[in-house]
2 protein chains.
Amino acid sequence: MSEAVWRVLAERGFGGLTLRAVAAEMDASTGLLTHYFPSKKALVSHALDIAEERTAARARRAAAPGLAALRAALLDVLPLTPDATAMNRVWVGSWDGSLGDPELFTRETARYEGWRARLRPHVEAAVDRGELPPETDIDDTVATAAAFAHGLVLQALFDPAAFPPSRQTALLDRFLRGLAA
Amino acid sequence: MSEAVWRVLAERGFGGLTLRAVAAEMDASTGLLTHYFPSKKALVSHALDIAEERTAARARRAAAPGLAALRAALLDVLPLTPDATAMNRVWVGSWDGSLGDPELFTRETARYEGWRARLRPHVEAAVDRGELPPETDIDDTVATAAAFAHGLVLQALFDPAAFPPSRQTALLDRFLRGLAA
């Protein structure tokens, strides 16, 4: 069932995520699905659970501590492969619903906080190792790196021809050099 | 009618944009609205028209050419006021539908291109004026600035307490200093 939900999401987004669409994808009856998902919100919550599991379980780049680890963590987010593109498509698509529902909003706020908390040690290590200037503001640098990465995700999703993987990577490297300057 | 569509969008997003919700907001019948919007897509297209009109018509900051103008143009995008927050909430909410529909996708691709094209002269002027180094890659700098701004929009939308207007502005100023370094 999770696989069917994911396929519907990746193709049609949250706007196209209906019991009927998932049932069709599974060759099951809508009635069966109503048993699992008594409401649209239950289905959306399950979809977010799947997205979180898949995000947590994805292969990650290994890297030395510091800027190299920050670079690897941001590369892990960018839509450089079809799978990463599908994942981003789902997360970007989730924002409409998250902005309209207090519970989902809180969940997305926490998700952003969690992401910044995972990037933070890399920036701290980069400062400790002298890769970033000692006066670097850690929280601001983390927020700026997260902003840059998500904004690049959006431009790449909507214009893959102008933002192929090679250019996304080059833009990230240029951004990181700017942080170090 | 446009006012009612906008209120529904700003409050519930595209997921909550239905003929019934707009009709209720107008104290009109759903039947009347069906006359104007024969399909959900017609309603969504109208909503995007309204968002574009409002975006084009909003008050903009005046600034000297170069980095100051780039700063002003990016400040115009950030959710620093309730109106700008509502506007961003609508645009972010539109992405789920735009990623799922070829026509809306093309429209969003063009909108991004148009935004970068409007930022470009500011970066060019900043190089001409010696505010950015002569070796600056114009297109990459524009894409990076757009990425930073939209990624900051997202973090501020989902965590207004952590990203009040003062911090958004400080982060932007720090980012611009980084470009110049």
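Within any chain, residue numbers begin from 1 and follow the written order of that chain's sequence. Think of it this way: whatever chain is written first is A, whatever ligand is written first is 1, and the rest follow in order. Owing to the predicted nature of the model, reporting of local features is limited to residues with pLDDT of at least 70; listing and counting of side-chain atom pairs is limited to 80 or more, with chain, interface and lining totals taken over all residues. Excluded from the side-chain calculation are hydrogens and water; included are all heavy atoms of the structure.

- An unreviewed UniProt entry annotates chain A as TetR/AcrR family transcriptional regulator of Actinomadura vinacea.

1. Concerning the packing of aromatic side chains
Move 1: Here is the rule: rings of Phe, Tyr and Trp (six-membered ring for Trp) pair when centre to centre is within 6.5 Å. Planes less than 30 degrees apart are stacked, more than 60 are edge-to-face, and the remainder are tilted. The tally for this structure, following the rule as stated, stands at ten aromatic pairs over all chains.
Move 2: Taking 6.3 Å as the distance between ring centres and 45 degrees as the angle between the ring planes, the aromatic pair formed by Tyr112 of chain A and Trp115 of chain A counts as tilted. One end of the pair is Tyr112 of chain A and the other is Trp115 of chain A, both in helix α7 (residues 102–128) and three residues apart, which spans about a single turn.
Move 3: A simple rule labels every residue: compare its accessible area, found with a 1.4 Å probe on the protein chains alone, to the largest value its type can have, and call it buried under 20%, exposed over 50%, or partly exposed in between. Take Tyr112 of chain A: its relative accessible area is 3%, and that puts it in the buried class.
Move 4: Aromatic side chains Phe158 of chain A and Phe105 of chain B sit 5.5 Å apart centroid to centroid with 40 degrees between the ring planes, which places their arrangement in the tilted category. Of the two residues, Phe158 of chain A sits in helix α8 (residues 138–158) while Phe105 of chain B sits in helix α7 (residues 102–128), which places them in two different chains. Only DSSP runs of H or I covering at least 4 residues are called helices, and only runs of E covering at least 2 are called strands; the numbering of each starts at the N terminus.

2. Some points on helix α6 (residues 82–100) of chain A
Because each turn of an α-helix spans 3.6 residues, side chains separated by three or four positions end up pointing in the same direction.
Move 1: Between the first and last residue of a helix there are one fewer steps than residues, each counted as 1.5 Å, and that sum is the expected span. If you check α6 of chain A, its first and last C-alpha atoms are 29 Å apart, about what 19 residues at 1.5 Å a residue would give, namely 27 Å.
Move 2: Its maximal kink placed at Ser94 of chain A, α6 of chain A deviates by approximately 25 degrees. Bend is the name given here to the angle between axes fitted to two runs of seven residues, the run ending at a residue and the run starting at it.

3. Let's talk about the UniProt feature "domain: HTH tetR-type" (unreviewed entry) in chain A
Move 1: UniProt positions are given in the numbering used here, feature names are shortened, and annotations may be inferred rather than shown by experiment. The residues that UniProt annotates with the feature "domain: HTH tetR-type" (unreviewed entry) are residues 1–55 of chain A.
Move 2: Taken end to end, residues 1–55 of chain A has its terminal C-alpha atoms 18 Å apart, with 76% of it in helix and 0% in strand.

4. Re the pattern of salt bridges
Move 1: Salt bridge, as applied in this entry: a Lys or Arg side-chain nitrogen positioned within 4 Å of an Asp or Glu carboxyl oxygen. What the rule picks out here adds up to 34 salt bridges over all chains.
Move 2: With a shortest N-O distance of 3.4 Å, Arg89 of chain A and Asp96 of chain B are connected by a salt bridge. Of this pair, Arg89 of chain A sits in helix α6 while Asp96 of chain B is found in helix α6 (residues 82–100), placing the two residues in two different chains. Each of the two residues, Arg89 of chain A as well as Asp96 of chain B, counts as buried.
Move 3: One network of salt bridges, in which partners are shared, links Glu3, Arg7, Glu25 and Arg54 of chain A.

5. So, the relation of the copies chain B and chain A
Move 1: Take chain B, turn it by 180 degrees, move it 0.0 Å along the axis, and it overlays chain A with an RMSD of 0.0 Å. Read as a symmetry element, the transformation amounts to a two-fold axis.
Move 2: Only heavy atoms matter for contacts: two residues are in contact if any of them lie within 4.5 Å across the pair. Both copies share a contact surface, since 100% of the interface residues of chain B are interface residues in chain A too. Copy-to-copy superposition: least squares on the C-alpha atoms, limited to residues that have pLDDT of at least 70 in both copies.

6. Description of the interface of chain B and chain A
Move 1: Opposite the 41 residues of chain B that make contact, chain A presents 41 residues.
Move 2: In total, about 3500 Å² of surface goes out of reach between chain B and chain A, with carbon and sulfur atoms giving 60% of it.
Move 3: Put simply, buried area is the surface a 1.4 Å probe can reach on two separate parts but cannot reach once they are joined, added for both. If you sort the residues of chain B by the area they bury against chain A, Asp96, Leu99 and Phe158 of chain B come out on top, with a joint share of 22%.
Move 4: By the criterion applied in these results, polar contacts are pairs of N or O atoms within 3.5 Å in which, for protein atoms, one can donate a hydrogen and the other can accept it, and in which residues neighboring in sequence qualify only through two side-chain atoms. On the surface where chain B and chain A come into contact, there are 20 residue pairs in polar contact (both at pLDDT 80 or more).
Move 5: Counting residues per element, the ones that place at least two in the side of chain B that touches chain A are α6, α7, α8 (138–158) and α9 (165–180) of chain B.
Move 6: Examining the composition of the side of chain B that touches chain A, we find that 14 residues originate from one element, α8 of chain B, more than from any other.

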